[in-house]
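Residues per chain are reported as follows:
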Amino acid sequence: MIPNSRPLLLHFGRQVLRYCLSSAAMIPVATTGTFHQVLPLNYRNGARVEPADGRDKEEAFEPATGRVIATFTCSGEKEVDLAVQNAKAAFKIWSQKSGMERSRVLLEAARIIRERKEEIAAVESTNNGKSIFEARVDIDISWQCLEYYAGLAGSLAGQHMQLSGGSFGYTRREPLGVCVGIGAWNYPFQIACWKAAPALACGNAMVFKPSPFTPITVVLLAEIFAEAGVPIGLFNVVQGGAATGEFLCHHPDVAKVSFTGSVPTGSKIMGMAAKGIKPVTLELGGKSPLIIFSDCILENAVKGAMMGNFLTQGEVCCNATRVFVQREILDKFTEEVVKHTKKIKIGDPLLEDTRMGPLINKSHLEKVLGFIQKGKEQGVKVLCGGEPYIPDDPKLKGGFYMLPCVLGNCKDDMTCVKEEIFGPVMSILPFNTEEEVLERANNTAYGLAGGVFTRDIQRAHRVAAALQAGMCFINNYNISPVELPFGGYKKSGFGRENGEAAIHYYSQLKTVCVEMGDVESVF
Ligand SMILES: NC(=O)C1=CN([C@@H]2O[C@H](COP(=O)(O)OP(=O)(O)OC[C@H]3O[C@@H](n4cnc5c(N)ncnc54)[C@H](O)[C@@H]3O)[C@@H](O)[C@H]2O)C=CC1
Ligand SMILES: C[N+](C)(C)CCCC(=O)O
């Protein structure tokens, strides 16, 4: 008996499924090197479809082996239009439902994600390269996000204002219409949930375009929404790269674009949206500081720095890639961080004890290694890692692995300290005083996140208040409670995902002014 098995898991190949005995049930275990996606990857009108038009073909890889696991056609203008028209039709039905009705559907979707967590996590891990351990956490955060917005959906409301003479006004919080979500490849399923959950809770429809590197799991989300009972066409998926994204941004029936990705693309998206006067949410890159004072609990600070640098092979926008350490504890901190970094288990992402998998692809791996090379030329000291890694397992020889890296002897003006690397590379920078470190920490065009480790509570809050960043952590780093808004300052973007704040970015306020007497005309 395989209680959790679904057609999807069979794409791992029947012959290679192993089964592990959990306390409750036999759970199928996916195996690296076996997954192949054969079903269409666009989702529209309640079903997987091949795009109606489009010329360019793309291949998606399994970074652990370098194998192609899916081939698809990038959607053209006609396909994008069909997806938007589907969403528009569904919006008419969905936007008329009560918040409680929407809530029920979102809760059901959350339940299905929980039920299918293992298989979604296995595909996410296969397509992205992150460890199955981490992928499970991502899927948990995803269903939690749906549950959170299901909770808010029933209490979305406007206000009532009394005016003179019995007249009054009230506000209605209304959805925007068809929202577009464009995602990056580092958290494919989670990014889609962070955008879809508040959008759908507010009564919007969505067309989502994942990164062409990670096209697979978002379609599962579309199927789950359909199974949970959304109107046909409410959540659609179009596959493709920049051209497909541009068709979406320019489409006259699209009301809003929510984007997660790089700063240069974010700037283009904003330009396109500006032409149609469409609001945008931009979740862009970062070069976040983590400030570690000498009075910290060192063990926690070391763990925080590792959480802040090595999740998802360091391919995380809010990573604390500039670790400022007060000089008194520099040597001890560095010794501990290097010791723990060397112990990270790298390899097959689907194995239970793996904690770091391969980077997303070959060219990205080369780019990350290039930053380290440039750092060496500029005088950094490589304290550990920073080289390509070839696991022993022969099937992993074509994968894109590297050893996580800690850099010492860093200076603020070095390329590796200034630019976003998006890989497992931590730069350690010594500092002396709070005033000095705040000046240096804020000396960046980015402002996504920041962190501080100290036992002095006044200093902790003072530093958090002074950091020019949208998300600040005190005595931890890179955790993701969905109740808390997430988003950037400065070039890291604007708008917020998660928390109650996101509601404001997926709804608009209508004011209704009601006259109870006669019109007093000026004329
Ligand atoms: N702030 C945040 O929450 C996050 C930010 N990022 C940032 O994303 C970057 C890495 O992700 P990538 O996928 O390489 O970023 P990217 O900017 O190259 O692509 C992101 C998405 O935009 C699409 N796209 C590219 N050109 C487009 C265009 N002209 N019009 C419309 N869509 C277009 C891509 O196909 C992809 O779906 C990093 O810089 C990282 O900091 C990544 C994850 C989270
Ligand atoms: C989940 N978390 C906080 C580690 C990262 C979320 C932002 C991103 O998509 O990179």
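Please read all numbers here as calculations on a predicted model, not as lab measurements.

## Thoughts on the overall build of the chain
Link 1 in the chain: For the chain, the helix and strand inventory stands at 15 helices and 22 strands.
Link 2 in the chain: Taking 523 residues into account, the globule formula puts the C-alpha radius of gyration at 24 Å, and the chain, at 24 Å, falls close to it.
Link 3 in the chain: Counting only C-alpha atoms and orienting by the principal axes, one finds that the chain spans roughly 80 × 60 × 45 Å.
Link 4 in the chain: Going through the 523 residues of the chain one by one, you find that 59% of them count as buried.
Link 5 in the chain: In the chain, of all internal contacts separated by at least 6 residues, the share reaching a separation of at least 24 is 73%.
Link 6 in the chain: Accessible surface, the chain: about 21,500 Å² in total, of which carbon and sulfur atoms supply 55%.
Link 7 in the chain: Considering the chain, the positive charge centre built from 55 side chains and the negative charge centre built from 55 side chains are found 2 Å apart.

## Observations regarding the sheet that holds strand β8 (residues 168–175)
Link 1 in the chain: The 3 strands lie next to each other as β7-β8-β22, forming an open sheet whose pairing is antiparallel. Each having just a single partner strand, β7 (160–162) and β22 (507–514) make up the two edges of the open sheet. Across the sheet, the mean angle from the axis of one strand to that of its neighbour is 20 degrees, orientation sign disregarded.

## Regarding the UniProt feature "active site" (unreviewed entry) in the chain
Link 1 in the chain: Per the UniProt annotation, the sites labelled "active site" (unreviewed entry) are E283.
Link 2 in the chain: Of note, E283 is situated in strand β13 (residues 280–283).
Link 3 in the chain: E283 gets classed as buried once you look at its relative accessible area, which sits at 3%.
Link 4 in the chain: Not counting chain neighbours up to four residues away, the residues in contact with E283 comprise F259, T260, G261, L448, F486, G487, G488, S492, G495, R496 and E497.

## Brief notes about the pairing of strand β10 (residues 205–209)
Link 1 in the chain: Summarising burial for β10: 5 of the 5 residues are buried, a large majority.
Link 2 in the chain: The alternating pattern of β10 places A205, V207 and K209 on one face and M206 and F208 on the opposite face, and all of these are buried.
Link 3 in the chain: Looking at chain direction, strand β9 (residues 178–182) and β10 are connected through 5 bridges and run parallel. Within β10, the residue paired with I182 across the bridge is K209.
Link 4 in the chain: Running through helix α5 (residues 188–201), the crossover from β9 to the neighbouring parallel element β10 is right-handed.
Link 5 in the chain: The pairing of β10 with strand β11 (residues 235–237) spans 3 bridges and is classified as parallel. Across the sheet, residue V207 finds its bridge partner in β11, namely N236.
Link 6 in the chain: Since β10 and β11 lie parallel, the crossover through helix α6 (residues 217–228) that links them has a hand, and here it is right-handed.

## What about unusual backbone geometry?
Link 1 in the chain: For N475, which is not a glycine, the phi torsion comes out positive at approximately 55 degrees.
Link 2 in the chain: Taking the relative accessible area as the measure of exposure, N475 reaches 38% and is therefore partly exposed.
Link 3 in the chain: Here N478, not a glycine, exhibits a phi torsion of approximately 65 degrees, which is positive.
Link 4 in the chain: Relative to the helices and strands, N478 is located in the loop between β20 (471–474) and β21 (493–494).

## What about the domain arrangement of the chain?
Link 1 in the chain: Partitioning the chain into domains gives domain 1 (42–284) and domain 2 (289–481).
Link 2 in the chain: Summarising the inter-unit geometry, the C-alpha centres of domain 1 and domain 2 are found 30 Å apart.
Link 3 in the chain: With 26 residues of domain 1 at the contact, the number on the domain 2 side is 29 residues.
Link 4 in the chain: Of the roughly 2,100 Å² buried where domain 1 meets domain 2, counting both sides, 59% is carbon and sulfur surface.
Link 5 in the chain: Per-residue buried area on domain 1 facing domain 2 is highest for P63, A64 and W185; these three make up 23% of the total on that side.
Link 6 in the chain: Between R136 and E352 there is a salt bridge, with its nearest N and O atoms 2.7 Å apart.
Link 7 in the chain: Of all elements in the fold, only α3 (117–128) and α4 (132–153) reach the threshold of two or more residues within the side of domain 1 that touches domain 2.

What counts, and at which threshold
- As a convention, each chain's residues are numbered from 1 in the sequence order in which they are written.
- Numbering of ligands from 1 and lettering of chains from A proceed in the order in which they are written.
- Local features in this predicted model are restricted to residues of pLDDT 70 or higher, and side-chain atom pairs are both shown and tallied only at a pLDDT of 80 or more, whereas totals for entire chains, interfaces and linings draw on every residue.
- For the side-chain quantities, the full set of heavy atoms in the structure was used; hydrogens and water were omitted.
- Counting from the N terminus, the helices are the DSSP runs of H or I reaching at least four residues and the strands are the DSSP runs of E reaching at least two.
- With C-alpha atoms as the basis for the radius of gyration, the globule rule is written as 2.2 Å multiplied by the number of residues raised to the power 0.38.
- A simple rule labels every residue: compare its accessible area, found with a 1.4 Å probe on the protein chains alone, to the largest value its type can have, and call it buried under 20%, exposed over 50%, or partly exposed in between.
- The contact criterion used throughout is that any non-hydrogen atoms of two residues lie within 4.5 Å.
- With residues, only the protein chains shown are counted as cover, and all accessible areas are computed by Shrake-Rupley using a 1.4 Å probe.
- Neither His nor the chain termini are counted; the positive set is Lys and Arg, and the negative set is Asp and Glu.
- To locate a charge, take NZ of a lysine, CZ of an arginine, CG of an aspartate or CD of a glutamate.
- Note on pairing: two strands pair once DSSP finds at least 2 bridges between them.
- Note on geometry: axes are C-alpha line fits, over the in-contact stretch for helices, and angles between N-to-C directions span 0 to 180 degrees.
- UniProt positions are given in the numbering used here, feature names are shortened, and annotations may be inferred rather than shown by experiment.
- Handedness of a crossover is defined as follows: with both strands directed away from the viewer, a clockwise route from the first strand across the helix to the second makes it right-handed.
- An automatic or database domain assignment is the source of the domain bounds shown.
- Buried area, as used here, totals the accessible surface that two parts lose on assembly, with accessibility defined by a 1.4 Å probe and the loss added over both.
- A pairing counts as a salt bridge when a side-chain nitrogen of Lys or Arg comes within 4 Å of a carboxyl oxygen of Asp or Glu.

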